[in-house]
Structures are given as C-alpha cells and as structure tokens.
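Structure at a glance
Here's the letter readout for the chains.
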Amino acid sequence: MGKFYIDDQEVNFEPGQNVLQAALKAGINAPYFCYHEALGSAGACRMCTMELEPTKEGENSRLVVTCLQAAQDGQRYRLNKGIGDHVRQGVVEYYMTRHPHDCPVCDEAGDCQLQDMTILSHHTYRRFKGAKRTYMDQPMGPLIYNTANRCITCYRCTRFYQDYALGDDFGVYASGNRTTFRRSEEGHFDSPFSGNLIDVCPTGTFTDKVFRRKFSRTWQLEKNESICGHCSVGCHTEPGGRDNSLRRVHPFPNTKVNAHFICDRGRFGEHFSEANDRPLSAQINGVVVDNQKALDHIKDILTKSAGRIGILSSPDEDVSCHYALANIAEHFNGLFSPFVMPQTEDRTAAALALSRNTPSLTDIETADGAIIVGALTETAPMMDLAVRQLIKAGKTVHMLHASPTLLADIVRKQHPDQIHQAAPKNWAQIISSFDASHEAEEMGPNLFANLDTGKRIIILGVAVEMDIASMHALHDLCQAFENKQLTVQLGFALNGANATGSAMISAQYPSKQLLDAVRKKEIDTLMVCGADPFGFGAADWLPAREHIKQLIVFDNVNSPTLQIADVILPHATWSERRGISINYEGRIQGFNHAYQRAGTLTAVNLATALIGISANNFYEQQHNNIETLTGLNELHYNGCQCLNLHTQFEGRAEANQVSIDTNKDSVQVVRLTWHGGSNKASYATALASIKPWKDNIIYLHPDTAKRLQLNAETKLKLGNPTNANDNPINRSGMDQAFPIILNDNVAVDCLALTRTTLHHVGHLVNAIIPIDKLSIIAKEG
Amino acid sequence: MDKILSRNFHHPHPLNIDEYQQAGGYRSLDSIIGQPRKELLATLKNSGLRGCGGAGFSTGLKWSFKAPDAPHPVYLVVNLDEAEPGSFKDRQVLYRDPHTIIEGVIASSYILEADKAFIFIRGEYRKGAQGLEAAVNEAKAAGLLGYNIRNSGWNLEIDVHLSAGRYICGEETALLNAIEGYRANPRAKPPFPIAKGLWGSPTIVNNVETICHVPFILHKGIEWFQNQGTNGAYGSHIFQVSGPVKNPGFFELPLGTTAREIIYEHAGGLLEGRELIGFLPGGASTQFMLPKDLDIPMHWDGPPTVGARLGTGGIIVMDDSLCPIDFMINLMQFFTRESCGFCTPCRDGLPFVKYQLEKFETGEADMTDIDTLRELCDIIYPNTFCAFAPGALMPIKSGMDKFETLFHQHIDNHGCTHPSHTPSTDAINNKVDC
Amino acid sequence: MFTPDELTHLKQHVNHYPEPRAGAIYCLYAVQDKVGHINDKGIEIVTELTGLSKTQQEELISFYTLLRRRPIGRNVLRICDSISCHVMGSKAILDAAIKQTGVPIGEISKDGSVTVLPSICLGLCNKAPAALLNEMDEVENLNVHSINEYLNKLSEKPHDLNNKGSGSNIIATSGRENNS
C-alpha cells in the first residue's frame, strides 16, 4: 500500500499495481484503450501516457505509459496539466487517419470508448486529408458483426480471444497500418466466448449482430442487473430491453461470480425470449384469450380437480417461482416437483452433497491443477473459461470425458496424455485409479505427484453425465489428495440455472413422488412451468401422458409440451421478472426485472390470482422459508452469502445408488451437446443456427463402429429403452434406424446423441444398451 | 591497423575449417576456454568494446548485468538481422568468413556460460545462412561445439535460425518473439532479455560484429584492441559507403576515421560532376550530416557533436541528383511499410508523417504544414513502444533542421522543382503483400 | 508433399525447441520451398507438426514478408527500393520491370516466369540498384537495360532457377515440386 499523485490528487495503490490500474480504481478519468482489467497491459495504444514529474533538481519530466509503469510511492504524474494531453490528442488524431467518420450509423455510437476518449483527449480538428486505409469486413456468422475499418488496433480482441480464452480461429493479420483482425475463413467463431469481443472492443469493430437487428440507442435501453438463467454458474448480466423486447445482454461488471465476461450462451441464448413462436398470450384449447380469463379458467379447473393435481417446475426456474407454484399445489391439495426427472434430481442432490469447499470461478482460475470430468464447456461454459486460465498459466489439467468437448480439444493440443476418454460407466473405476496414494505406476497415473504440499487442486464434475458412484469416487479422490497435504476443492456443474435451489426444495417435493402419482393415475391434472416433460423428459414422462386429462403449461418457450397443452399461460423470463437463484456454489442471488414485458405473468402473479396471496405476503413468507431451510440469519440476496452445501444436502448422496453395469457387451448412450444447447438457449434463433451437431445421427468412435460392424452404408437402430419402467414407451425413434458419423472425440463404446435424438429414441442420458439389442440396417438405395 | 573481421576476405572463397585454422583461426579459444570467466569479463569491460549494432552500449557492462547465479539455460542470440538500409557489414562476414562468427560465438558463450546460441539471420541472407550452417557442422565435427568442450565441463550448441523477413526483427525483443514463433512485435521492457528472454530464460542479444570482436580482444589484449582505433576510439569497424560514389563498398578501418577519409579516400569520392549535399552516417535511422561535418571522426562520440549518431557506420551519400525531401519520403516509405503495427504513434503516426512530407513534394503544403510536421515528430518521437519510430524520425527531424530553407522553397514553388522529381511511389507502397 | 525422411527431419526440428511453435517458421519455409507458396495442404501439415491453427499460421505468414500464401511465378524477384538503391535509380528499375512483365507489382507475369516485388534493403547497397532472385541469387548494378535482359532470360528458362535445397540443412527439403 502506498500513494502517488495525479494532478495533485492522491491515489492509493496496492503493491504490484500499475499507475493506470490504480488511477482507474481511484475513480480518475484516465484515458486508455488497450489496457483491460482482465487482459492486462499491452502498451500498444499509448493513450494512457502521462507526464512523470522529476524527483530531483535538474532532471526533466518524462512521458510515461502508465499501464506499463509500476506504481511507486510518492511519484507525481501530470494527466491534464502536462504535455501528456498534447500527446493523447496526437494519438487520437493518428487513429482518425484511418477510423471512418461513421458515428451516426455506428451501433457503438454513444457507448463508444473511442468517442469518449476522443472527447476526453480534447482532439477536435483533423489535419490528415489523405486517403483513409480501408479493409474488407469479414462476415463472422450470425452473432457478431465486423466493421473492420473502425478498428484502432488495440489488440484487445486477440488478447482476449487467443491469449485469454485460448481460441485459435481468430487473430491478427498483416502488419504496419495494414494490421487487421480476422479469421482465416468467413463464418462464425468456434469459441463459446466470442461475444466478449463486442465488449472488449473499444470501438464498433465488433458489434452484436443480434442486437443490430433490433437496435436501440444504448442509453434508451431499460437495464438492470440480472442473473443469467442458462447454467448453474449464475453469472451477473445486464440485459437491456425496450418496447417489450430484449435487445441485448451484457455482463454486469465486477461481481463475485463473473468479473468481466459472460459466455455466448448467456449473451445470445437469452434471446430465446424473442423467438417468433414464444407464447406471449394466454390460450384455452388453442383460442387466444386474455390472461384474466385464462386464470379464471385455471382456477376453475384446479378447484374442480383438487386432490388430483400435480405442478411440475424445472431447475431452469427460480426459487420464487417454485415456492409460488408449491403454494398453489398445496392449496389445491396437489403435489409439486421442481425437477422433471428423478435421475437428474438424484444426481443434482448427490453432487451438491458431495461437493467439498466448492470453488468459485476465481478459485478455479488461481488453482495449481485441476481434474475435469465430463463436458464442462457444454454444461457451464464460464467454468471452462476459468479452467482455461489454469491451462494458460501452465498448470496441469486432467480431463475425463465421454462426449466431445471443447475443453478437451484445448488440453489435447498440448498434453494429449492428460486426456482420459472413456464411457461413463467406467468413470468410477478410472477416477479411483487417479488415487494419489497409489505408488505403483500400473495402479494409476498418480496425478499431481509433483505438486508441492499446500498446493490447491480443483476437481469439477458434470453432474448430469455422472452416475452417483463416480461422484463418490471423486469425493474419495479428494481425501486421497488431502492425505498428500494438498488442498482440494470439488464442485459440480449442474443441470439448470437454479439446480441448487431446486434440489434444496425437492427434499420436500421429490419428483419421484409426483411421477409415481401420475403413473398410478392419482393425478390427472398437470400444470407445467418451464419444464418439458413430454419433450426432453420423454423417457420418464411419455408413458404417463395418457393419464393426464388436463394439461396447463405456463412457459416462455414453444416446447413440445406446450404444443400439446390445453391451457397456455405466458411466463416472464428471468430478465423480465424478479426472483432468487442459487448457483452451484450455493450462492444466493436475487435479481430484478431488467425491462418490462407487457402481457406476461410470473408465478407470483399466479399465486395471487389463484390462491389470493398478495405479493408482499408471498415474499415475506418466502424469506422466512429460506431462512429456515438454509439456517442463514440475516439473509441477503446480493450474492454474498452461500449455503452450506454439505449440511444442506446431507444424506442425499446415498439415495438411489444404482449398481453399475460394466458389462463389456454393451454400449452407453451419452449426451452430445454444445455451449448453445441448454434448455432455453436452444430456442434462441441466432445462436441455435450455429449448432455443430446434427439431430437423428449417432456419433461414435471409429473403434466402436468397427466393433459394431457399422460403416457409411449401414444405420443403427437402438431398440426398446431398457430403463422405461413398466410400460414400454412408444417412441417414434425406437424403430427408426439412424445413420452414423465417426468422431474420434467420442469415447469408445459410447453412442453420442443430441437431446433431440435422445428424445426421439426415449433413452435416458447414460442409458446402457446391450449390444444384442442393437440392430444394424443396411442403407436403402 | 590489423584487419580483424575482414582479415580473410581476400580469399576467393570462404575458408573451410582447416584453411581457417591454418590461417590462425580458433587459436583465441586457447586463451579463453578454461579461464576464469570473471576475469575475461573484466577484460572485456575494460577494453571499451561497444555494441556494433548501432546503439554503442558497452558490451562488457551489458554482460555484467547477467546475474551470476542466473538459472540455466542461458541463451546467446547473435543478431544478424541486418536490414538497416545502407548497412551491409554483417553480410560480408557471414558470406566471406563464417568461421569468424563461430569463433566469436564460442568465446562469447563461454564467458556468458550460455548453453545455446541462436544466430538469427535475415531471410534475404539465406545463402549465407547455408554457408554458416555448413561451417557450424564443421566446427561440431572438429569438437569445437557440443558436449564438454575442451574438457571445460561446458556445453554449447549453435542454432542457425533463418528468419522470414522484416526489419523489426532486428529489435532485440522482437527478435526473441520471432525465434519463439510469434509475430515479431517488440516486448515490453522490463523485464530485459538478460533477465527474461527466450522462453523466460536469461538471454543476451548482441550484434554479430560485436561478437566477432570478443575473441580477439581476449586473445590479443586490451592494449592491442585500443590501439586499433583512432581519434580517441578503440578497435576497428567495418564502414560501408553506398550511394553515388566512385567506389561504393565496405572498409575495415580504425573506429574514429573521419567521414572525409572514408568517403573520399576509400570510397573514391562522389561520381564525376556530383556535389555532396549531405550523408547519413550509419544507416537510414540516423540524422543527416552535412559537408561541413566531414572531418568529424566516425566513432561513438563523433557524430553526436553535430546531433547525429554513428549507427551502423553505413554511410549513405546524398548528392545533388536528388531532392532531399524525396530522399526523406523514401525513408518514410521504408519505415511506414516496416512498422510492425503494434503501437499507435508508429503504426498510424508514421504514415501521417509521410503524407505531410509528400504534401511538400506535390505542392499542397503551406506554412502550417511545417509546424504540423514538427509537431508530429515531437509527439511520436518520445512516445512509441520501441526504438523503431524514433529511429525513423531521426533523419526527418534533422532534415527539417538542416534543410529548412528547402521546405520553404517547396511551399513557395508549389511543389518540388528538382529535375529528378517524379510522382511518389505510393502505388508500390500499397501493394507489397504476396 | 514431404517424404517420410523430410517429415522426420521437420518433426525433429520442431521438437528441439522448448515450445513447438518456435518451429513454425522453419516448417512454413519448408512448405514454401516445395510448393512455391504455402498452400492449404501445407498449412494442415504444419498444424500437425506445431499445433498452430490455420489462423495462427496466417498470422505469421501475413507478418513475415518472405512467407507467402498466394502462388507466385516460377521465380520471385525482389527489387530493392530502399534508400541506397533509391538514390541509384531503383524506381526506374521497378517501373521497367512492371512494363516488361505486363502486370502490376506482386502479380505473376503473363508467361508465369516471375513475380516482381519491391523489397527492403537487401544489403547489396554497394551494388545498387540491386535485386534478389528467389532469396538466393544477387542481381547487381541494375539499369533499365539490364533488368529487361534479366527478365527476358527468366522468361526463356523453362524451369525455375530455384536452388534452395542444394547442399545445406537450412530448410532441408529436396527441392521444389512441379506445381504446374
């Protein structure tokens, strides 16, 4: 801790900070372009130049690039008073020898660092009258729009894309004043973090193409801090809307969860709310009615069917939504569940119970090594970005996976030996072989043998891909590392943004209870909120479809379940409502609506209309409920408090431990997903258009194809799902034969299927199919 | 004066290792390898050898910054990325006597305890690089390189690295990026390469001519070395003269020889009927010197007395066949094209400078443009990431001072009235990528 | 493109650096020596060898002047236009070359024999104006007459004058493939 002065203003600094960094922290309006808090200093733009006053008699003052200058006690800088201002004017004038004068039509205008800095540096009049150098714009897919002429060559984009996010399909081309930033080919980016180019770019070179199609001046947007509803990390975002529609999503800066960035799923996936087929009005039997009429109708149904009612929510919905729906269910003497599928519920609860000192994103970034189990990028992209910081720092990252994942591609490139590819049914055994206490080489790889005592390891698992035995194996592995005097943090990426909150509630409202009641025909009226039991939950729910006489769907996407609903109610999205979400760490995070969407309802609205509880009473009751349930006093919703996951979920890792079938004569179904493929984000048109996998195809390793005697001329039929309980379910895909595509990154003995394909064939994720149940069909023609 | 670097140049072909050793080559290593490094370094420091790449920093002092307990590997990087217009001294040694380079590298690496030496050669000198590589293989076969050299317990490998072009690679940190397989943008200093260079290891970067001097200084002694210079300077230097002179070429002469002697005696003076207007003393990125400065001794402290610097000692003669502003535009064309594009003042400022200069040539300039040009130079000069742009502006700044009336004449005459004047070469400048 | 021996040599070269990307320039040179420029197939091979993506290689190729992504003529002639050659009249040489080849600078001459490029100082200042053929052979003391003659000579030669592979380990591949 020390202090220096800028134009006589005192600036405090921490050791290791540079002058610019400390000045910005102190709130000084210091100009800069290429410096970025997360990306560090480059020294390229020369905008942060200040004049350093001499310390000794007879010395001259000198120009200093403050982002490269370590802060030192007692130094005195001139920002506006010295010749630095003159220099910055010059720098901006040089930029303007190339930068177009297209501010009136630029998306960035008004929210542009170049504009701000131009004004701040007092540059006004341009003396360069020559021809401006121009560049070809490059089409960069449906998400990002490139206007190459606007580039001021601050290198932030490649420093983010390559150096920070470890992408390799975008870079800097040519040199001198021909330098330009592009991809080797036209088309969308491979990185799940490409949208951050929009934010790190200080000009309008990279702009949000989705926003561009429904552009609003940024200062006219309704904005608020919100929580991203697309994975269990729960990043802080700032959605901006206007005139009843979402226009764009930005990361909300400097929060405890995500300091600077968000992933493309969070940024572009939230636009599911703008899908053309989003239900925005109530319907009764296909006829559009006003909300009040629909609510009256529903109240009527629920009153008449009291005692035979089930309400099904999903881990994609927040705690308030669950509580409101649970209240309604109880009022009408019905059952409620926040989970659609018992398997997901069990795995989520077990993962939370087995978490140990769950690492935050910052914990991950600063660890000394990591083990990743499952397709992390595709489940919780921001966790992956944190792991990439470890890789960048040269730390060892081991990876065990069954389906293709981008993180594995990155690890494989440098350390193919750190990739362990295997079917999930073998994971428990493989994880046990990582045991650090094994001395002999043949017993296992003995990971992290060369880490010193006291170093910290992160273990991250993808809960939905792991059976509970392999989660236990990870938990045991922690103990083994701790015995070696290493610190270990174990966390899981969960399915659903509010998976933790949902699992907390599901102790009281288990999904199996609701599902069994439906199967036993005790329930014939089902209200569904945010869930898709007859679409992606088909493996469990489709056999029970015929027992449901009345189906009410309260949702904001046009899901397969909504399409067969008797009554439809339009649900507000997270950006459009108030709520509470609990992330994978157990962090309790409240959010408020960012913009207004007329005509949509919240679950609390429903509770008021159907059971007469006022919003104020509801929130008060909810607050007390959460305090009781979590044991937290003085509960806050600002993200500073975490649940004690261990006590909260104690005992829930033992339930439903299925014995693992390691039968060699079987194959295992694994989910094939991508970073834009989550429940809601898959309805975002622009994002969904770059989905890398095809539906109704089976992806498998060449060795598996060989073993099954499959080739380009054959198709594969999966047969009857073995885990569909009593009634075999009649799925369209059951009798359908699917072509295959070979992929080296699918583990041997695995069949990787997209969600849509899984839904067609009716198999659960990780279902094991005996080989003799498969049939190979010759391709016709 | 004894010829050192060019002592074997009279042979029709580069000497092979046997011929080289017969001519006394590698004998210096007898008095170096196995000797205490500290003493050798002290000798070097006291000899007054200064870096021949253009900066003229004391070599011994620079090497003494290497921490004695610096972790291994230690790298020596020999800068043979000679691309400074008007300079061709390193080329001569490379093409005519590669073993001299290897002898220098072995001696220098021994002092520095370097484990590996990279000789970084510009891509345009590929033929020379091949000759050097063949020589390295000879030296390896002769046991001069490799494991436990002369039972000293010290190992050395030499890597001949062929660069793929670009002037900026000669900047020492850009050169490190180039070796590592990155775009050759300079790196921020500190950390200096001597602390953290190639792959984070201590790395010493020196010009090849400097390296070649080292074994001779250690072998023949300080007194001998210091006697090689004249007018108060030490050692010899390969001066080069190009431009409209009768005998353009390179001449190994005592450091401190006057410009007059170099141009008029060794290079034969200007072509018939030509008049000397000025000259750049050491490559394109040095300041102009005028005919009145001809008697200034060409050593590190000579040219600075008239606001110039010795640079590489590659004298570029400017005569009356060309307009000095055209001369400067050509220099700026070179520098704008070769800017690596990393920092703003260089990338976008230098083309602006060139544009300003061209205004004088085309007659679009008025009096305010002189101020604008000066202001551009003043802002860019102290505010760039590396020394490239300051170097680029040295001839412009000094040209504006020394040929000021000429700028006024161009304004008054609405353009260049010099008989040689032709439109600018911009069309070429915009079309260089292949 | 490469023989197994050549590939082994390239692999060894890449592996002798602490990081594989340091071998990229060497490998790209090797591709260029074979093909005349760096083609997509070559990029794929260099990806295999160094782990650098296509974009990352193009970052290098577009930075370094001697690497080229586009095809060139059978020969590439780099005419120096830096100051020492400029004062000796290199502009006239370039103009003459443009006229003689019938195409703008940087394009392949109509007969496919040569691509003429301007170059930074070649270190041939004492023989100005100078040029460099295929990064190997010096062409010195040019004048408008001699450049025309030289280009004519290139035009008449049925095969390229490329002799980079001869007798050395620096980028040791066995010579250029016929890419007609």
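Residues numbered from 1 in each chain as written. Chains lettered and ligands numbered in written order. Predicted model: local features only at pLDDT ≥ 70, side-chain atom pairs only at ≥ 80, totals over all residues. Heavy atoms only, no water.

An unreviewed UniProt entry annotates chain B as NADH-quinone oxidoreductase subunit F originating from Shewanella surugensis. Turning to chain B, the UniProt record has this under Sequence similarities (unreviewed entry): "Belongs to the complex I 51 kDa subunit family." Under Cofactor (unreviewed entry), UniProt gives the following word-for-word description of chain B: "FMN". (UniProt positions renumbered as here; feature names shortened; annotations may be inferred.)

In the annotation of an unreviewed UniProt entry, the entry for chain A reads NADH-quinone oxidoreductase subunit G, and the organism field reads Shewanella surugensis. Under the UniProt heading Sequence similarities (unreviewed entry), the note attached to chain A is "Belongs to the complex I 75 kDa subunit family." Listed under Subunit (unreviewed entry) in UniProt, the entry text for chain A is "Composed of 13 different subunits. Subunits NuoCD, E, F, and G constitute the peripheral sector of the complex."

With respect to the overall build of chain A
Helix and strand counts for chain A come out as 26 helices and 35 strands. Scaling as 2.2 N^0.38, a compact globule of 781 residues should have a C-alpha radius of gyration of about 28 Å, and chain A matches this with 28 Å. Here chain A displays about 28,400 Å² of accessible surface, and carbon together with sulfur accounts for 47% of that area. In chain A, the 73 positive side-chain charges and the 85 negative ones have mean positions that sit 6 Å from each other. (Helix = DSSP H or I, 4+ residues; strand = E, 2+ residues; numbered from the N terminus. Rg over C-alpha atoms; globule rule 2.2 N^0.38 Å. Areas by Shrake-Rupley, 256 points an atom, 1.4 Å probe, with all protein chains shown as cover. Lys, Arg positive; Asp, Glu negative; His and termini not counted. Charge placed at Lys NZ, Arg CZ, Asp CG, Glu CD.)

Regarding the side chain of Gln69 of chain A
All names here are of chain A. Within the fold, Gln69 resides in the loop between strand S4 (62-65) and strand S5 (76-78). The exposure class assigned to Gln69 is buried, which follows from its relative accessible area of 15%. Contact partners of Gln69, with chain neighbours within four places excluded, come to Asn18, Val19, Leu52, Arg62, Val64, Gln75 and Tyr77. (Buried < 20%, exposed > 50% of the residue type's maximum accessible area, 1.4 Å probe, protein only. Contact = heavy atoms within 4.5 Å.)

A word on the environment of Gly141 of chain A
All names here are of chain A. Mapping Gly141 onto the fold places it in the loop between helix H3 (113-120) and strand S6 (144-146). Look at Gly141 and you get buried, because its relative accessible area is 16%. For the pair Gly141 and Glu186, spaced 45 residues apart in sequence, the C-alpha separation works out to 7.6 Å.

Side note on the interface of chain B and chain C
Facing 67 residues of chain B, the contacting portion of chain C comprises 53 residues. Each partner contributes to the roughly 5,300 Å² buried at the junction of chain B and chain C, and carbon and sulfur atoms together form 58% of this total. Linking Asp33 of chain C and Arg126 of chain B is a salt bridge whose minimum nitrogen-to-oxygen distance equals 2.4 Å. Between the two partners, chain B and chain C, sit 20 residue pairs in polar contact (both at pLDDT 80 or more). In terms of residues, the side of chain B that touches chain C owes the most to one element, helix H11 (residues 324-338) of chain B, which gives eight residues. Residues of the side of chain B that touches chain C, tallied by class, amount to 33 nonpolar, 17 polar and 17 charged. (Buried area = accessible area lost by both parts, 1.4 Å probe. Salt bridge = Lys/Arg side-chain N within 4 Å of Asp/Glu carboxyl O. Polar contact = N/O pair within 3.5 Å; in protein donor to acceptor, adjacent residues only side chain to side chain. Nonpolar A, V, L, I, M, F, W, Y, C, P; charged D, E, K, R; others polar.)

Some thoughts on the packing of aromatic side chains
One pass over the full model with this rule turns up 44 aromatic pairs over all chains. An aromatic cluster is built from Tyr94 and Phe128 of chain A together with Phe352 and Tyr355 of chain B, whose rings are joined through pairwise contacts. Directly above the aromatic system of Tyr182 of chain B lies the positively charged group of Arg21 of chain C, at a separation of 3.9 Å from the ring centroid. (Phe/Tyr/Trp six-rings, centres within 6.5 Å; stacked < 30°, edge-to-face > 60°. Lys NZ or Arg CZ within 6 Å of the ring centre and 35° of its normal.)

Thoughts on the sheet that holds strand S27 (residues 587-591) of chain A
Strand pairing in a sheet takes place through backbone hydrogen bonds and is either antiparallel or parallel in direction. Residue and element names in this part refer to chain A. Read from one edge of the open sheet, three strands run S26-S27-S28, paired in antiparallel fashion. In this open sheet, the two edge strands, each paired with only one partner strand, are strand S26 (579-582) and strand S28 (638-642). Put simply, the sheet's adjacent strands are angled 25° from each other on average, direction ignored. (Pairing = 2+ DSSP bridges. Axes fitted to C-alpha atoms, helices over the stretch in contact; angles between N-to-C directions.)

Looking at the UniProt feature "domain: 4Fe-4S His(Cys)3-ligated-type" (unreviewed entry) in chain A
With numbering matched to this structure, UniProt assigns "domain: 4Fe-4S His(Cys)3-ligated-type" (unreviewed entry) to residues 83-122 of chain A. What you have in residues 83-122 of chain A is 50% helix and 0% strand, and the ends, taken at the C-alpha atoms, are 13 Å apart.

Concerning the pairing of strand S2 (residues 9-13) of chain A
Residue and element names in this part refer to chain A. The pairing of strand S1 (residues 2-6) with S2 spans five bridges and is antiparallel. Within S2, the position partnered with Phe4 by the bridge is Val11. Linking S1 to S2, which pair antiparallel, is a turn of two residues; within it Asp7 sits at a positive phi near 45°.

Some thoughts on the UniProt feature "domain: 4Fe-4S Mo/W bis-MGD-type" (unreviewed entry) in chain A
UniProt tags residues 221-277 of chain A as "domain: 4Fe-4S Mo/W bis-MGD-type" (unreviewed entry). The span residues 221-277 of chain A shows a helical share of 9% and a strand share of 32%, and its end C-alpha atoms are spaced 24 Å apart.

Concerning the side chain of Glu93 of chain A
Along the chain, Glu93 of chain A falls in helix H2 (residues 84-95). For Glu93 of chain A, the residues in contact, after removing those within four places along its chain, are His123, Tyr125, Arg126, Arg127 and Phe128 of chain A together with Phe352 of chain B.

Quick look at the pattern of salt bridges
Taken as a whole, this structure holds 69 salt bridges over all chains when the rule is applied. Ionic pairing is found between Arg78 of chain A and Glu53 of chain A, a salt bridge with its closest N-O pair at 3.2 Å. With Arg78 of chain A in strand S5 and Glu53 of chain A in the loop between strand S3 (49-52) and S4, this pair connects stretches of sequence that are 25 residues apart. Notably, a salt bridge pairs Arg150 of chain B with Asp30 of chain B, separated by 2.6 Å at the nearest N-O pair.

Thoughts on the domain arrangement of chain B
All names here are of chain B. Considered domain by domain, chain B is made up of domain 1 (17-227), domain 2 (230-317) and domain 3 (324-429). Distance between the C-alpha centres of domain 2 and domain 3: 24 Å. Across the contact, twelve residues belong to domain 2 and 13 residues belong to domain 3. The interface formed by domain 2 and domain 3 holds zero salt bridges in total. At the junction of domain 2 with domain 3, the criterion picks out three residue pairs in polar contact (both at pLDDT 80 or more). Of the residues contributing to the side of domain 2 that touches domain 3, the split by class is eight nonpolar, three polar and one charged. (Domains from an automatic or database assignment.)

Points about the sheet that holds strand S3 (residues 157-162) of chain B
Residue and element names in this part refer to chain B. An order of S3-S2-S1-S4 is seen for the four strands of this open sheet, with the pairing classed as parallel. On the outer flanks of this sheet lie S3 and strand S4 (203-207), each paired with one strand and no other. The average undirected angle you get between the axes of adjacent strands in this sheet is 20°. Of the strand pairs in this sheet, strand S1 (residues 75-80) and S4 are connected by five bridges, and their pairing is parallel. Bridging from a neighbouring strand, Tyr75 pairs with Thr203 of S4.

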